[in-house]
Structure formats: C-alpha cells, structure tokens
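# Architecture and fold: a report
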Number of protein chains: 2
Amino acid sequence: MTVARPTKKPAAKKGAPVPAPKRSSGGLTNSVGKITINDIARLSGVSKKTVSRVINQSPLLNAETRDKVQAIIDQHGYVPDPQARGLAFRRAFLIGLVYDNPNAQYVIDMQQGILDAVRGSGFELIVHPCARTSASFLTELKMFVQRQKLFGVVLPPSVSEDVGACQALADVECPYVRIASIPLDEPQNMVVTNDYRGAYEAALHLADLGHRRVAFISGPKSFRSSHERKRGFVMGLEAKGLKLAANMVAEGAYTFESGWHAARILLARPNRPTAIFAGNDEMATGVYRAAHESGLNIPADLSVVGYDDSSIAAKVWPPLTSVRLPIRAMGRIAAEKLLARAGRGPAKAATEVEVVPSLVTRHSSGPPSA
Amino acid sequence: MTVARPTKKPAAKKGAPVPAPKRSSGGLTNSVGKITINDIARLSGVSKKTVSRVINQSPLLNAETRDKVQAIIDQHGYVPDPQARGLAFRRAFLIGLVYDNPNAQYVIDMQQGILDAVRGSGFELIVHPCARTSASFLTELKMFVQRQKLFGVVLPPSVSEDVGACQALADVECPYVRIASIPLDEPQNMVVTNDYRGAYEAALHLADLGHRRVAFISGPKSFRSSHERKRGFVMGLEAKGLKLAANMVAEGAYTFESGWHAARILLARPNRPTAIFAGNDEMATGVYRAAHESGLNIPADLSVVGYDDSSIAAKVWPPLTSVRLPIRAMGRIAAEKLLARAGRGPAKAATEVEVVPSLVTRHSSGPPSA
DNA sequence: CTGAAAGCGCTTACAG
DNA sequence: CTGAAAGCGCTTACAG
C-alpha cells in the first residue's frame, strides 16, 4: 500500500532497519512525502495503536516501549496529522477567537497571546470577527463552531458579555473562555480584567494632582466595562472626598467621534471640568480634538486620562496617561485555560483568573492651573 | 452503524422517506448529532460518491440527479465536514495569513478582506505572525504550512518580499499570493500596490501647495516599499521641476520613534524643509512629535504627509493628510486568487492584480508660510 | 452518467 | 501493558 504512494523519500520502506533519513538543513522538514503513524509503527516494531498511545501520552504504557517509540519519532521528526487526528477525535485542534472589537491593537495583541499559549502544542488560531447586532450572529457562530469542530473559543469584550453567544456555545458543547471586567461565569471560563481597579487608580491620580472638578466619559451602556470603569472612578473619587457630579458624566461609544462629541458637551458646561477621564483611549483622543478646538492646552488647562494604554497613547501629543491592561497575557491565559481542559498545559490554568490593570503616567495629566 | 451513534436527531434513519426535520429558529442548526454524506446518500437513494459529486460540483452529472440530491442537502442543511474532506483531499480548507507587520490596523483590515473573500466557501482563516529575522523563520514556516496542509497563504509586506519564504512555500507546494509594491512574481501570485503612484501624488500635492524645500523619510532599506515610495516622490517632484536634495532625505524604520528621530535631524538642517513626506503614518506621527518639540506649528510652519491612511491619521491633531491603500480589498483579492486556483471563485481573480492608492487630504498640509 | 471498493491518517472500544 | 478490527466522513482511482 505505501508502495503506490508517490513519495519522494528514499528507501525507508519495506520494514527492517533503515538508514537515518538525510536531515538536510533544518532537520525538521524531511521533504514532502510525509511520514505517517504506520511508518513509525513499522520502524519501531509495535502496533500503530501503541504509537498512538505515545503520541497521546497514555499513562498505562511500558516506559521502555514509550522511549523506544519516542526515539524513532524524534529521529524522523514525525508529527501526527492534525486533520486525521481531529477526524478521529471528532474535534479540531483549533482555537477560535471570536471578536467584535473595534480596537485593532487589542485584537492583534490578543491573537499574539493566544499563539504564545499554543506554541508547540500543535494547536492553531482561527479568527472570526463578528457583528453582535446582526440578526444572524448566533446562527453563524454556531455554524462556524460546529462545522470546524473547534476545540474552544476565546471571547474578548464585548462578545464575552453576550449571554446568547455563551448559551449557543454551550448548546454545541464548545468550551469557551470569556474575558470581562467581572466574573460572569465559572472560574475556568473566565479571565477577569478588574476594570474597577484601573479606574479607581485613575481617580486617585487625578485627585492627588489636585483636581476637584472632574468629568467622566463612559463607554456604551451595553458594555460591562463601561459600568465598571465608572464605578471604580466614582469610588476612587469618594475615597478622596470628591464626588462625580451628574452633569460631569457623558455617554460615549468607545469611538473617537463619540469621545470628541462627549467632550464638547462637557467642556461647554458651566464651570467646566479641569480633568476628564475617558473610558478608553479612543475616546481620549477625541477629547484631545475637542480641547484643540476650544483652544485648551493639555495638561495646563485640561488633564486627560484614558484606558487601555493602546499603541496610540504614546504617540499623541502630549503622550496620554492611561490605564494599561496586559492584553497579550490575557489572551495567553485564556488559551491556556482552554488547553487545560484537555489535560494539556498547567493545571493551575483552570483557576488562575485575575489580571491587574496599572496606571501609566505620561504627560496629559498635571495639576489644575486655576 | 449509524444506529449506535448518540444522535439527538429524530427519525430520519433507516432509509425511506422521512418527515422534514424540524427546522427550529434559524433552520441551519439541526442540533448536535451531525448529518453525514451517508445520510444524504441514503435519503436521496444514490451512492455517497454521487453526493460527493454534487458537493464538488462535478460537471459530468445528470442535472436531474444533481437537483434531487441538492434538494435533500438543502432540506437538511447538510454541510460536509471540512476535516474529513481535507483528509481525503490531502489539503485543508484553510487560508493562512503569514505576517511580520507592526501595523495592527493593517493586519486586521487584511484579515477582514480575506474573510470577505472566503465567506460562504467553507474556508477559514488561520493567522501566523512571524519574525523574518529569526533563525528558525523558514523552518517554522514550512512546518506550519506542511502540518496544516494549508490551502494557500497570503503574504503582506514585508514577508511578501522574502525570497526565501516564497522558495520555502514552493518547496512544500503551497500556493501563495504576495502583496507588494511592484510585480515580483507571476500575476496569479501577486497583488501590486503601486506605491510609486501614491508617493507621486503626495509630491504633486506638496508642490502644488507651493513647497520648494521638501524632505522625505524613508522606511527601512529592506522594504521594497521604501524604495518605491521614494522613487515615486522624487519623480513627482521632478514633474513639477523640483528636486529632492540629498540632505533632505533620512532613513527611518516605519516606526513612531524612527520617524521622530529622522524628523529631528531634518528639522535641524540649515534651511530646514517646509514639508515632510513620511514613508508611513507611524513615522508621520513621529514627525508631529518632533514638530511639537521644536515649537513648529502644523501646517503653518511645517506640512506633513503620511502613507497608509491608517486609523491614527484621522485622530491626530491636525488630522493627517495621507495616501490611502485599500487594504481590505487587497486582502480580498489575494484570497480570491487563492480560491481561483481551485476553480472556486471568479476566474478573473487569476489576473486582476492592480490596486490604486489615493491621496486623502486633511489638515496637516497647507501652503508654506515663508 | 453512476457505484463498490479502498484509502486519507489517525483513534475508540473491545479483547487479551 | 499491547494489538487487530472497525470507524471518523469524506475522496480517489477503477469499473461499468
């Protein structure tokens, strides 16, 4: 049977000892004609089932047998075919990233983090942007996950807050990890970002600088983080004996334009704020725009603090003070949790769940001039 | 055989006509117990091979038979298992995006474009960031592609310019499409971005505004686009009777910091430029920083033009004039070319290859004050 | 134009 | 602790 295959590999067929294959340059790429579990079985003189046991690290396996087979595997640089394995397992070795997030840097960082976690495990990352508001969102999500038989999916905000999506995934028995401000689910399904704390820090920072009249631009109500960041900010101010006045709050949509618009409104209020905390960096840059238009100097006339510490924060002028989230690490932890389900990866991944935001002080915040 | 499977689907077993399955809400998700090619074959009273012919749109097939089978397929919302299909085809239904690009928005847009192209085709996108400078780059690339049996890969700059990477892909017989400034390969393997033209436009724009003393910050020499953008800029200036002085050129690295540094050097030259064309937006924001530090007002004292029209362009102050590349469309075209290889997708995709950059005029460019 | 057999490369029961 | 058989859901020759 193997005979008929148009393999480019030399010899190595017909049982019996074979000369170690020429491992040219890299040593890992023994040309195109791929070596299979059957080859390894024959070469090590065991059944393919036993090779399979070695691959899957079955515990009930003679150490000697294991080592012998492993040696052959290493020698030939054999790697099992994920497709065939997936077909037999009825599950693909693919992690999905389902996102609905306008922040490109956030998504890219998260992708990197997931890939950090799967490196060397044979898993790969498949991306799936989506529109939560679309009528076919849930149907498409189910289709995607079912069809690809995904091993699991990572859900960053705001998909992570979508109850329907999580229910849909549960329906098709697809493991998921949600990344959100607060624990919305069992620990093994969560990475908590503690937005409350980040916003709390931002409040202390502004209060310590001497600001008394501060404003807040929230994200959309549909985002959990909007509420958490507001709550943390309010609590932080209170800890310093300050209050967030009702007319010092405006709702944005986590976009540049919405931040701009909201800031215009806040700056037009009688007794305008000397500092604005924006729910994310995108909106903070919108605040910059409004300040420029009003002839306000940052930070002399107006202090601005953002959230996310996205790549834009260091590039605007003046550089933006912002709350940093370890996004890449969050992606890594989320993927590790998924792998932990399969007994791969550290077991503690199932419980490690918290991530701590930290304030990065730059030049957009300073003492009030008045 | 099918009997033993713990399917949740009702009836529909044991040959013979069956009641149409309850297509609940969406109609597409008939629960977990997946329907297979065998079910369709039995239900339509043909062999599975014939069903396979319908799936793969075989031309030599009785129209009547085809319609009958297709009806059953539609009725049950049957979708072939990509894993099983891939195993038999010896090729996965996955498109890879192999990138080494620091611009997050660029990568995200490209991903979106690729997904635009594969929508409904059953293909999915798998992402693979890489480090071209890493010693194991080529080995890892080969491993990745071979192991996943990728259907094809899309290569944006600068991986697209890597001869070794293309050779490696050819070695493992993996189709690829390169996105680059100029035709580096056969048309079916290329999407050409015509950077020359975009830079030419930028030159005309600045010359028309009345600038005589203009400067250029190039990308790294290792990027083809660096040379093309410079060449186009020089030619554009020449068309207006201007020259790019040797001391008005600085080399950057397509990063914020490098743009900042290069601009400092250029602005310190005797008889400083009244306009700077940066090789990309990242570097243009660096120019902004340098201008701020020198107390130079944009555009009154210094005009700035960028390249890419990335999302940051509209958010900095003043909004940045930049050359726009239709990145999402580029991704779509690249993926279409890959699908065209399989007879899927429009045949013209094999030849359509050019993309046209366009200048987006904002407020960072104006007439020189002096 | 259509089908029965063998196979893609792996794993899951089931024996021993 | 190890193996022979059957199977995952599809397709490729090979017949007819």
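Residues numbered from 1 in each chain as written. Chains lettered and ligands numbered in written order. Predicted model: local features only at pLDDT ≥ 70, side-chain atom pairs only at ≥ 80, totals over all residues. Heavy atoms only, no water.

To continue, consider unusual backbone geometry. Of note, the bond from Trp317 of chain A into Pro318 of chain A is cis; its omega dihedral lies within 30 degrees of zero at -5°. Summarising the element assignment, Pro318 of chain A is placed in the loop between β9 (303-308) and β10 (321-324). For the bond running from Ile298 of chain B to Pro299 of chain B, omega is 5°, close enough to zero to count as cis. If you check the backbone angles, Gln57 of chain A has positive phi at about 55° while not being a glycine. Relative to the assigned elements, Gln57 of chain A resides in the loop between α2 (48-55) and α3 (63-76). Backbone geometry at Lys149 of chain B places phi at a positive 50°, although glycine is not the residue there. Checked against the element boundaries, Lys149 of chain B lands in the loop between α6 (137-148) and β3 (152-155). (Helix = DSSP H or I, 4+ residues; strand = E, 2+ residues; numbered from the N terminus.)

With that settled, the discussion passes to the protein's contact with DNA strand D. Close to DNA strand D lie 26 residues, the nearest being Thr50 and Thr65 of chain A together with Ile37, Lys49 and Ser52 of chain B. At the protein interface, 65% of the atoms of DNA strand D within 4 Å belong to sugar or phosphate. A distance of 2.7 Å separates a phosphate oxygen of DNA strand D from a polar atom in the side chain of Tyr78 of chain B. Here Ala84 of chain B contributes a backbone N or O atom positioned 3.3 Å from a base nitrogen of DNA strand D. Breaking the surface near DNA strand D down by element, the ones donating at least two residues are α2 and α4 (82-89) of chain A together with α2 (48-55) and α4 (82-89) of chain B. Along the lines of polarity and charge, the residues of the surface near DNA strand D split into twelve nonpolar, seven polar and seven charged. (Near = heavy atom within 4 Å. Polar contact = N/O pair within 3.5 Å; in protein donor to acceptor, adjacent residues only side chain to side chain. Nonpolar A, V, L, I, M, F, W, Y, C, P; charged D, E, K, R; others polar.)

All right, on to the relation of the copies chain B and chain A then. Note on the identical chains: chain B maps onto chain A by a rotation of 180° and an axial translation of 0.0 Å, with an RMSD of 0.1 Å. The transformation just described matches what one would write down for a two-fold rotation axis. Among all residues of chain B, the minimum C-alpha distance to the rotation axis is found for Ile126 of chain B, at 2.2 Å. Mapped onto chain A, 100% of the interface residues of chain B again fall at the interface, so both copies present the same surface. (Least-squares fit on C-alpha atoms with pLDDT ≥ 70 in both. Contact = heavy atoms within 4.5 Å.)

A few words on the environment of Asp208 of chain A. Within the fold, Asp208 of chain A resides in helix α8 (residues 195-209). Spatially, the C-alpha atoms of Asp208 of chain A and Gly366 of chain A are 9.7 Å apart, while their sequence positions differ by 158 residues.

We now examine the sheet that holds strand β8 (residues 275-278) of chain A. Residue and element names in this part refer to chain A. Spatially, β7-β6-β8-β9-β10-β11 is the arrangement adopted by the six strands of the open sheet, whose pairing is mixed. Each edge of the open sheet is held by one strand with a lone partner, namely β7 (249-251) and β11 (358-360). Taken over all neighbouring pairs, the strand axes of this sheet differ in orientation by 20° on average, direction set aside. Here β10 pairs with β11 via three bridges, running antiparallel. Paired with Ser322 across the bridge in β11 is Val360. Across the sheet, α8 is in contact with β8, β9, β10 and β11; its angle to β9 comes to roughly 165°. On top of the sheet, helix α11 (residues 281-293) reaches β6 (214-218), β8, β9 and β10; it is set at about 160° to β9, its chief contact. (Pairing = 2+ DSSP bridges. Axes fitted to C-alpha atoms, helices over the stretch in contact; angles between N-to-C directions.)

Our focus in this paragraph is the sheet that holds strand β9 (residues 303-308) of chain B. All names here are of chain B. Within the open sheet, the six strands sit side by side as β7-β6-β8-β9-β10-β11. Their pairing is mixed. In this open sheet, the two edge strands, each paired with only one partner strand, are β7 (249-251) and β11 (358-360). Put simply, the sheet's adjacent strands are angled 20° from each other on average, direction ignored. As judged from the four bridges shared by β9 and strand β10 (residues 321-324), these two strands associate in the parallel manner. Bridging across to β10, Gly306 finds its partner in Ser322. Strands in contact with helix α11 (residues 281-293) are β6 (214-218), β8 (275-278), β9 and β10; relative to β9, the strand with the most contacts, it is inclined by about 160°.

By convention, interface size is frequently given as the accessible area that disappears when the constituent parts associate. Residues and elements named next belong to chain A. The domain architecture assigned to chain A consists of domain 1 (2-80), domain 2 (88-194 + 327-350) and domain 3 (195-325). Each of domain 2 and domain 3 was reduced to a C-alpha centroid, and the two centroids are 30 Å apart. On the domain 3 side, the residues contacting the eleven residues of domain 2 number 14 residues. Roughly 1100 Å² is buried in total at the junction of domain 2 and domain 3, and carbon and sulfur atoms are behind 56% of that figure. Looking at the side of domain 2 facing domain 3, the largest losses of area belong to Ser181, Ile182 and Asn194, adding up to 36% of the total buried there. Our count for the contact surface shared by domain 2 and domain 3 stands at zero salt bridges. (Domains from an automatic or database assignment. Buried area = accessible area lost by both parts, 1.4 Å probe. Salt bridge = Lys/Arg side-chain N within 4 Å of Asp/Glu carboxyl O.)

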